[in-house]
Amino acid sequence: MTRVRTAVLISGRGSNMAALVEAAKAPDYPAEIVLVISNRPEAGGLGIAAEHGIATEAIDHTEFDSRAAFEARVQEALDRHDIALVCLAGFMRILTEEFIARWNNAMINIHPSLLPAFKGLDTHQRVLDAGVRITGCSVHVVRPEMDTGPVIAQAAVPVVSDDDARTLAARVLEAEHRLYAYALELFASGRARVSGERIVIEDEPGAASALFSPPFPRPDQ
Ligand code: GRF
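Residues numbered from 1 in each chain as written. Predicted model: local features only at pLDDT ≥ 70, side-chain atom pairs only at ≥ 80, totals over all residues. Heavy atoms only, no water.

In this section: helix α1 (residues 15-23). Where burial is concerned, most of α1 is hidden: 8 out of the 9 residues are buried. Within α1, burial applies to Ser15, Asn16, Met17, Ala18, Ala19, Leu20, Val21 and Ala23. Tucked inside the fold, the buried residues of α1 contact β1 (4-10), β2 (31-38), α2 (44-51), β4 (85-88), β5 (107-111) and α6 (165-189). (Buried < 20%, exposed > 50% of the residue type's maximum accessible area, 1.4 Å probe, protein only. Helix = DSSP H or I, 4+ residues; strand = E, 2+ residues; numbered from the N terminus. Contact = heavy atoms within 4.5 Å.)

Here it is, written out as structure tokens:
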């Protein structure tokens, strides 16, 4: 089996990147994580990747005169490692249309909400302020507009009455780690493919049952 040579772009902690690295240790996983790039040299995720023997590059965006110059350096690293698929995982730089076009249908991202709701930053506080009872996370193919593009997979996560942004973020993050590994598996294997602006899943199992929040019927009844 040829595994898809994959790079992960991060800016910080890198827990989603670490989840992908763990998943890709399975010999039958269709993607191989061969490179981790951070635009912030101090990103904790770089150390985690290096501990796993993965090539890392810190490409400090502040050292470049323009977005295009920064991206040219990123592209050079991706080319040198013969990368075929890019995963954004907490990567906090806006990418140009040109870079996104170069990676059309070959770059995916994770966002901590049920897209298209709650795009952008400060997601969990806005979810709480909106008073919704279910949030979640989404992995999608990257398109030029931020946090848009065909959704590969989503996980729904309940909001509980005494949540604050921190407790909610932690609950969603657990789901993110499982979801990203699953979505990358689907996408790299070709089981999830872009058709029009939707994703079609091959051999899709029947729909899971509804998630109720608060739980219904009550688990203790
Ligand atoms: C995650 O919640 C991700 O969805 C968001 O930023 C966070 C990054 O966390 N875009 P980590 O660096 O993967 O730990």
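With domains assigned, the protein is organised as domain 1 (1-103) and domain 2 (109-202). A C-alpha centroid distance of 20 Å is found between domain 1 and domain 2. With 18 residues of domain 1 at the contact, the number on the domain 2 side is 16 residues. For the domain 1 and domain 2 pair, buried surface summed over both sides reaches about 1,500 Å², with 75% attributable to carbon and sulfur atoms. Among the residues domain 1 hides against domain 2, the three largest losses belong to Asn16, Leu88 and Ile100. Together they make up 32% of the total. Summed over the shared surface of domain 1 and domain 2, the number is 0 salt bridges. Our count for the domain 1 to domain 2 interface comes out at 5 residue pairs in polar contact (both at pLDDT 80 or more). Contributions of two or more residues to the side of domain 1 that touches domain 2 are made by α1, β2, β4 and α4 (97-102). Top element by residues in the side of domain 1 that touches domain 2 is α1. It accounts for 5 residues. Its residues placed into classes, the side of domain 1 that touches domain 2 shows 14 nonpolar, 2 polar and 2 charged. (Domains from an automatic or database assignment. Buried area = accessible area lost by both parts, 1.4 Å probe. Salt bridge = Lys/Arg side-chain N within 4 Å of Asp/Glu carboxyl O. Polar contact = N/O pair within 3.5 Å; in protein donor to acceptor, adjacent residues only side chain to side chain. Nonpolar A, V, L, I, M, F, W, Y, C, P; charged D, E, K, R; others polar.)

Moving on, we come to the sheet that holds strand β7 (residues 151-158). If you trace the 7 strands from one edge of the open sheet to the other, you get β3-β2-β1-β4-β5-β6-β7, paired in mixed fashion. Strand pairing shows two members of the sheet lacking a second neighbour, β3 (55-58) and β7, which therefore form its edges. Averaged over all pairs of adjacent strands, the angle between their axes in this sheet comes to 20°, without regard to strand direction. Looking at chain direction, β4 and β5 are connected through 3 bridges and run parallel. Within the sheet, the bridge partner assigned to Cys87 lies in β5 and is Ile108. Packing of α6 onto the sheet brings it into contact with β1, β2, β4, β5, β6 (134-141) and β7, and relative to β7 it is tilted by some 155°. (Pairing = 2+ DSSP bridges. Axes fitted to C-alpha atoms, helices over the stretch in contact; angles between N-to-C directions.)

Turning our eyes to something else, we now look at the site of the ligand. Surrounding the ligand, one finds Arg13, Gly14, Ser15, Asn16, Gly90, Ile110, Pro112 and Glu176. Between the ligand and the protein, one listed contact pairs an oxygen atom with a side-chain N or O atom of Arg13 at 2.6 Å. Gly14 has a polar backbone atom sitting 2.8 Å from an oxygen atom of the ligand. Burial of the ligand by the protein amounts to 83% of the accessible area it has alone, namely 360 Å². Its residues assigned to classes, the shell around the ligand shows 2 nonpolar, 4 polar and 2 charged. In terms of domain composition, the shell around the ligand takes at least three residues from each of domain 1 (1-103) and domain 2 (109-202). (Near = heavy atom within 4 Å. Areas by Shrake-Rupley, 256 points an atom, 1.4 Å probe, with all protein chains shown as cover.)

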